[in-house]
Amino acid sequence: MSSPHHRASRVLADGREIIYFDDVGTNRAHDAPDLRELPAATHHSAMRFDAIAGEWITIASHRMTRTYLPSLADCPLCPTSEIGTATEIPDAEYDVVVFENRFPSFSFGAETDTNEARLDLLDRPADGRCEVLCFSSDHTASVADLPLARMETIISTWIARTEALSALPGVEQVFCFENRGEEIGVTLRHPHGQIYAYPYVTPRTEAISIQADKHFQRTGRSLLRDVLDFERADGTRVVYSGEHWTAYVPVAARWPIEIHLAPHRDVPDLPALNTDERAELAVVYQDLLRRIDHFYPEVDQVPYIAAWHQAPVRINRHLSRLHLQLFSILRAPGKLKYLAGSESAMGAWVNDAVPENVAARLRELTL
C-alpha cells in the first residue's frame, strides 16, 4: 500500500473538526470555508450504569432531532458545490473526509441535564468522541465498488483516527464501523461509516476478554488465535485464505450471513498492521463486501454491518486480537432477522442459517 496520504484539518462553523484524507497522488488545498450560520455545538449526553447487567447505557436525547433520510438535494454529506446547498463538507470535492458528528452519542464537554448532586449517583458525562467518515463524494457509490486506491485511503484513515483517538485522555476503546442499508437503521444514504471513541470498554469486548482470560489460564494460549487456527485447519467454513488474512463463517454464527476476517499475525489493532497486511486487506475487504452483495441474486444491495473489533486502549490488550465482524440481518430476500423475545430479552440467540451452508454459498461467489 502506498503512503502517505495527504491530510488537511479544518474547523466547521460550529467549532467541530473536519479532516480531509486524499488518495495517493492527490493534494488538494481544502481551504473552502464553512459559511453556514450554526450555533456552537452543544450536546446533552450522559451515561447511566445498569447495575443488573453491569453495563453502561448512554442517554443522548439530542439525537432525536438528527437528520433522517434526506433527499439528495439536502444530503449533508455531499460536497457543498454539487448540490448547491451548504453541507457538512465545505469543499467542492473530496476523496475521504472525517468530521465530528453533529449529533454525537459521546462528546467531550457534553452538558448533562441533571444537577451536580446526582452526577456521581446517577449520571456521568458521556465523554468521548463520535466521528462520521465519508468514503466518497459520490452519493450513489458503495465501498465494494470503489477504486482500490480509495480503499487504501479508507484503511489509512481508520488507522490514523484510531491512533489519534486512542491518545485522547479518557478514551478506552476505538470502534470503526459501517452501517449500510435502511434495514440496518441508516439515516443517511450517502456512503459513510462512523468511528466511536468510547469512555469505557464495550460489553462485547469485555465478554471476549473474560473468555480469553479463562482460555489463557487453562492453556497458556490465545483464544482468538486458537479459534483462527481451528477454522483454518478445518476449512469447512473458510471463505477466503490469503497470505496474511483468512475469512471464515464462525462455527456458532449468530446472523444469517456472518463473516469474520482475521490477520494471521497476532496484532491488537489496525495501527499494528504492517504494509503487506494493509495491502492485502484492501483487496480482501472489498471482495467480501461484493460476496455479501451477491449472496441473494434477487437483492441489489444487501444491508450489512462491518465492525472492526480492536483491543482496548489500556486494559486487557494481550487478551484481544484484531478482527472484522461482517454480517447482515437479511435472512432471505424481503425477510429480516429480528431480535425478538429470545435474543432481545434473554440474550439467547437462534440462527436459522447453517454456517457451513452460508460459507459454501459465499465461496462459490467468485467475483
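Just above, that's the structure.
Residues numbered from 1 in each chain as written. Predicted model: local features only at pLDDT ≥ 70, side-chain atom pairs only at ≥ 80, totals over all residues. Heavy atoms only, no water.

A short note on the environment of serine 328
Move 1: Its place among the elements puts serine 328 in strand β14 (residues 323–328).
Move 2: On the accessibility criterion, serine 328 (0% relative accessible area) is buried.
Move 3: Residues serine 328 and asparagine 316, 12 residues apart in the sequence, show an inter-C-alpha distance of 29 Å.
Move 4: Among residues more than four places away in sequence, those in contact with serine 328 are Trp255, Pro256, Ile257, Val302, Pro303 and Tyr304.
Move 5: A polar atom in the side chain of serine 328 sits 2.6 Å from the backbone oxygen of proline 303.
Move 6: A distance of 3.1 Å separates the side chain of serine 328 from the backbone nitrogen of leucine 330, its partner in a polar contact. (Helix = DSSP H or I, 4+ residues; strand = E, 2+ residues; numbered from the N terminus. Buried < 20%, exposed > 50% of the residue type's maximum accessible area, 1.4 Å probe, protein only. Contact = heavy atoms within 4.5 Å. Polar contact = N/O pair within 3.5 Å; in protein donor to acceptor, adjacent residues only side chain to side chain.)

Considering the packing of aromatic side chains
Move 1: Here the structure, examined in full by the defined rule, presents 16 aromatic pairs.
Move 2: Ring plane angle 80 degrees and centroid distance 6.0 Å describe the contact between phenylalanine 106 and tyrosine 196, whose orientation is recorded as edge-to-face. Of this pair, phenylalanine 106 sits in the loop between β5 (96–100) and α2 (116–119) while tyrosine 196 sits in strand β9 (residues 192–198), and the two are 90 residues apart along the sequence. Here the two residues phenylalanine 106 and tyrosine 196 agree in accessibility, since each one is buried.
Move 3: An angle of 25 degrees between the planes, with centres 6.4 Å apart, marks the rings of phenylalanine 175 and tyrosine 198 as stacked. (Phe/Tyr/Trp six-rings, centres within 6.5 Å; stacked < 30°, edge-to-face > 60°.)

Section: the nonpolar core
Move 1: Trp158, Leu270, Leu281, Tyr285, Trp308 and Leu326 are the most contacted members of the largest nonpolar core, which has 71 residues in total.
Move 2: Discounting chain neighbours no more than four positions away, the residues touching tryptophan 308 are Trp158, Phe175, Cys176, Trp245, Leu270, Leu281, Tyr285, Leu322, His323 and Leu324. (Core = buried A, V, L, I, M, F, W, Y, C linked by side-chain atoms within 4.5 Å.)

Considering the packing of helix α4 (residues 203–219) against helix α5 (residues 223–234)
Move 1: As a packed pair, α4 and α5 sit with axes 8 Å apart at the nearest point and diverge in direction by 85 degrees. The angle between the axes of α4 and α5 places the two elements in the roughly perpendicular class. Taken together, the residues of α5 that come into contact with α4 (itself represented by Ile208, Gln211, Ala212 and His215) are Leu223, Leu224 and Asp226.
Move 2: Looking at the contact of α4 with α5 residue by residue, the class counts come to four nonpolar, two polar and one charged. (Axes fitted to C-alpha atoms, helices over the stretch in contact; angles between N-to-C directions. Parallel < 35°, antiparallel > 145°, perpendicular 65-115°, else oblique. Nonpolar A, V, L, I, M, F, W, Y, C, P; charged D, E, K, R; others polar.)

Points about unusual backbone geometry
Move 1: With a phi close to 50 degrees, histidine 30 is a non-glycine residue in the positive phi region.
Move 2: Note on placement: histidine 30 falls in the loop between β2 (17–21) and β3 (45–50).
Move 3: Judged by its relative accessible area of 1%, histidine 30 falls in the buried class.
Move 4: In this model, leucine 69 sits at a positive phi of 45 degrees, which is unusual for a non-glycine residue.
Move 5: Tracing the sequence through the fold places leucine 69 in the loop between β4 (55–60) and α1 (80–83).

A few points about the pairing of strand β12 (residues 257–263)
Move 1: For β12, the tally of buried residues reaches seven of seven residues, placing the bulk of the element in the interior.
Move 2: The alternating pattern of β12 places Ile257, Ile259, Leu261 and Pro263 on one face and Glu258, His260 and Ala262 on the opposite face, and all of these are buried.
Move 3: In this structure, strand β11 (residues 245–248) lies alongside β12, joined through four bridges in antiparallel fashion. Residue tryptophan 245 lies in a different strand from β12, and its bridge partner there is proline 263.
Move 4: Across five bridges, β12 lies against β14 in antiparallel orientation. Bridge pairing in β14 places isoleucine 259 opposite leucine 326. (Pairing = 2+ DSSP bridges.)

Regarding the side chain of arginine 237
Move 1: Looking at the element boundaries, arginine 237 is found in the loop between α5 and β10 (238–241).
Move 2: Taking the relative accessible area as the measure of exposure, arginine 237 reaches 4% and is therefore buried.
Move 3: For arginine 237, the side chain forms a polar contact with the side chain of glutamate 231, separated by 3.1 Å.
Move 4: Residues within four places of arginine 237 in sequence aside, it is in contact with Phe230, Glu231, Ala247, Tyr248, Val249, Pro250, Val251, Pro355, Glu356, Ala359 and Arg363.

A word on the pattern of salt bridges
In a structure, side chains of opposite charge can pair up when their charged atoms sit close to one another.
Move 1: Following the criterion strictly, the structure yields 29 salt bridges and no others.
Move 2: Between arginine 150 and aspartate 23 there is a salt bridge, and its shortest N-O distance comes to 3.0 Å. Separated by 127 residues along the polypeptide, arginine 150 in helix α3 (residues 148–166) and aspartate 23 in the loop between β2 and β3 bring together distant segments of the chain.
Move 3: On the accessibility criterion, arginine 150 (10% relative accessible area) is buried.
Move 4: Residue aspartate 266 is joined to arginine 225 by a salt bridge in which the shortest nitrogen-to-oxygen separation is 3.3 Å. Of this pair, aspartate 266 sits in the loop between β12 and α6 (275–293) while arginine 225 sits in helix α5, and the two are 41 residues apart along the sequence.
Move 5: According to the relative accessible area criterion, arginine 225 is buried, its value standing at 18%.
Move 6: Each of the salt bridges in this network shares a partner with another, and the network as a whole consists of Asp22, Asp23, Arg28, Glu93, Asp95 and Arg150. (Salt bridge = Lys/Arg side-chain N within 4 Å of Asp/Glu carboxyl O.)

What to know about the side chain of glutamate 88
Move 1: Relative to the elements of secondary structure, glutamate 88 occurs in the loop between α1 and β5.
Move 2: Overall, glutamate 88 belongs to the buried group, its relative accessible area being 6%.
Move 3: A distance of 2.9 Å separates a polar atom in the side chain of glutamate 88 from a polar atom in the side chain of arginine 16.
Move 4: When residues no more than four places from it in sequence are discounted, the contact partners of glutamate 88 are Leu12, Arg16, Ile18, Arg36, Pro76, Phe99 and Arg102.

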